[in-house]
Amino acid sequence: NPGAQALKVTVTLLPQSDALLTWESRTFDLAGTSRLTVRLGPDFGLNGSASARVTAVLASDNSTPADIVVERTMYFQSVGQQGSHNASGVTQAQLASKWTLAEGSGGMFETFILVGNPNGTPTTVKATYLTGTGGVFETTQTAPANGRVTFYPKGEHAGLMNADFSTEIESLTGGNLVVAERAMYFDGFLSGHDAIGVTSPSTTWLFAEGFTGGNAETAFETYLLLVNTNATPTDATVDFLLDSGEVVSRTYTLAPRQRFNVWVDHEGRTYDARLNGAAFGMRVTS
């Protein structure tokens, strides 16, 4: 709560159909210029999967909406190691009927696509998976009212068992907007990462971080994941913005409805040695 006034914050869970929970909605006090941690397990008795809706009002009148910032952290434990991932929430205005997630992979990765349905009616959701070889796979599920569904791509299609893919999520129920994100786990669920999808493609994307260096203990591998959601081929130019001020550029052609990987470390070995052991930002234009 960046504001000076005390707030009432209501957290409402949007559970998957098989989730168990004691409370579906609870309200918490949040003082001015302070922060609050809500633990969904002990605070809601949640055992299973759920999306969440968070709202805030002024405590003084219990009705005037108030602006807050919300994010979610998840921890997963194993013997001797604890992994985690994190994502910011999206606002009500950012809900959409269509979402795109460029990254996704089978093989050594466990990829899950999570779709929250904050509507009072069930929503039919279609997932379309676009592979690097041009193969397209589809799965449709129904998210319950004020609930959520999970897509498990390589469990749904044998062709995704060892494939890299991007995902398009679309609400097929008119007027029902949804939210979609992607969680990926590896090292036998000891490690993972997560990202919210985007609601529209763009001709320009910017990344501040990129690194191909390392030492005897830790080495970094940087991958740039692109997807061409169009029905025509698309050229994508990647400018690698080096710490030195130099720019290394390369153009790639993406086939229609194709996912494409740029392995920057390999580009340093085969295309331009300035990308070896380098720190860089990236600009992508199509």
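Definitions and limits used
- Residues numbered from 1 in each chain as written.
- Predicted model: local features only at pLDDT ≥ 70, side-chain atom pairs only at ≥ 80, totals over all residues.
- Heavy atoms only, no water.
- Phe/Tyr/Trp six-rings, centres within 6.5 Å; stacked < 30°, edge-to-face > 60°.
- Helix = DSSP H or I, 4+ residues; strand = E, 2+ residues; numbered from the N terminus.
- Lys NZ or Arg CZ within 6 Å of the ring centre and 35° of its normal.
- Buried < 20%, exposed > 50% of the residue type's maximum accessible area, 1.4 Å probe, protein only.
- Pairing = 2+ DSSP bridges.
- Contact = heavy atoms within 4.5 Å.
- Polar contact = N/O pair within 3.5 Å; in protein donor to acceptor, adjacent residues only side chain to side chain.
- Axes fitted to C-alpha atoms, helices over the stretch in contact; angles between N-to-C directions.

## Quick word on the packing of aromatic side chains
Right, on to step 1. Counted under the stated rule, the structure contains 11 aromatic pairs.
Right, on to step 2. Ring geometry for Phe109 and Phe186: centres 5.6 Å apart, planes at 70°, overall edge-to-face. Taken together, the positions of Phe109 in the loop between strand 6 (98-101) and strand 7 (110-117) and Phe186 in strand 12 (residues 179-186) put the pair 77 residues apart, joining distant regions of the chain.
Right, on to step 3. Their ring planes at 65° and their centres at 5.2 Å tell us that Phe211 and Phe220 sit as a pair that is edge-to-face.
Right, on to step 4. Grouping aromatic residues by their ring pairs yields a cluster made of Phe76, Phe112, Tyr152, Tyr185 and Phe189.
Right, on to step 5. Above the ring of Trp23, the side-chain terminus of Arg26 is found at 4.9 Å from the ring centroid.

## What about the pairing of strand 8 (residues 123-131)?
Right, on to step 1. Most of strand 8 sits inside the fold, with 8 of its 9 residues counted as buried.
Right, on to step 2. Note that strand 8 and strand 9 (residues 136-143) share 8 bridges and pair antiparallel. By the bridge assignment for strand 9, Thr123 is matched with Ala143.
Right, on to step 3. Counted along the chain from strand 8 to the antiparallel partner strand 9, the turn is 4 residues long, and its residue Gly134 has a positive phi close to 95°.
Right, on to step 4. Examined bridge by bridge, strand 8 and strand 11 (residues 165-171) share 7 bridges and lie antiparallel to one another. Bridge pairing links Leu130 to Ser166 in strand 11.

## Some words on the environment of Lys98
Right, on to step 1. For Lys98, the location among the structural elements is in strand 6.
Right, on to step 2. A sequence separation of 74 residues divides Lys98 from Leu172, and the C-alpha atoms of the two residues are 9.3 Å apart.
Right, on to step 3. Beyond its immediate stretch of four places on either side in the chain, Lys98 contacts Glu168, Ile169, Glu170, Val198 and Thr199.

## What about the side chain of His157?
Right, on to step 1. Along the chain, the position of His157 falls in the loop between helix 2 (153-156) and strand 11.
Right, on to step 2. A polar contact of 2.7 Å, which involves the side chain of His157, links it to the side chain of Thr139.
Right, on to step 3. Excluding anything up to four places from it in sequence, His157 contacts Tyr129, Phe137, Glu138 and Thr139.

## Quick word on unusual backbone geometry
Right, on to step 1. The backbone of Asn146 sits at a positive phi, close to 50°, despite the residue not being glycine.
Right, on to step 2. With respect to the helices and strands, the residue Asn146 is situated in the loop between strand 9 and strand 10 (147-151).
Right, on to step 3. Its relative accessible area of 30% is what places Asn146 among the partly exposed residues.
Right, on to step 4. Non-glycine residue Arg257 carries a positive phi angle of around 55°.
Right, on to step 5. Note on placement: Arg257 falls in the loop between strand 17 (247-254) and strand 18 (258-263).
Right, on to step 6. Classification of Arg257 as partly exposed rests on a relative accessible area of 25%.

## Some words on the sheet that holds strand 17
Right, on to step 1. Across the sheet, 4 strands lie side by side as 14-19-16-17; this open sheet has antiparallel pairing. Two strands bound the open sheet, and with one partner strand each, they are strand 14 (204-207) and strand 17. The average undirected angle you get between the axes of adjacent strands in this sheet is 15°.
Right, on to step 2. By the bridge criterion, 8 bridges tie strand 16 (residues 234-242) to strand 17 in an arrangement that is antiparallel. Each bridged residue has a counterpart across the sheet, and for Val238 the counterpart in strand 17 is Arg250.

## Let's talk about the pairing of strand 19 (residues 280-285)
Right, on to step 1. In this structure, strand 14 lies alongside strand 19, joined through 4 bridges in antiparallel fashion. Residue pairing across strands places Trp205 opposite Val284, the latter belonging to strand 19.
Right, on to step 2. Here strand 16 pairs with strand 19 via 6 bridges, running antiparallel. Residue pairing in the sheet places Val238 in a bridge with Val284 of strand 19.

## Notes on the sheet that holds strand 2 (residues 25-30)
Right, on to step 1. Taken in spatial order, the 3 strands of this open sheet run 2-1-3, and their pairing is antiparallel. One side of each edge strand has no neighbouring strand; the edge strands of this open sheet are strand 2 and strand 3 (50-58). Averaged over all pairs of adjacent strands, the angle between their axes in this sheet comes to 25°, without regard to strand direction.
Right, on to step 2. The pairing of strand 1 (residues 7-15) with strand 3 spans 9 bridges and is classified as antiparallel. Looking across to strand 3, one finds that Val9 is bridged to Ala56.

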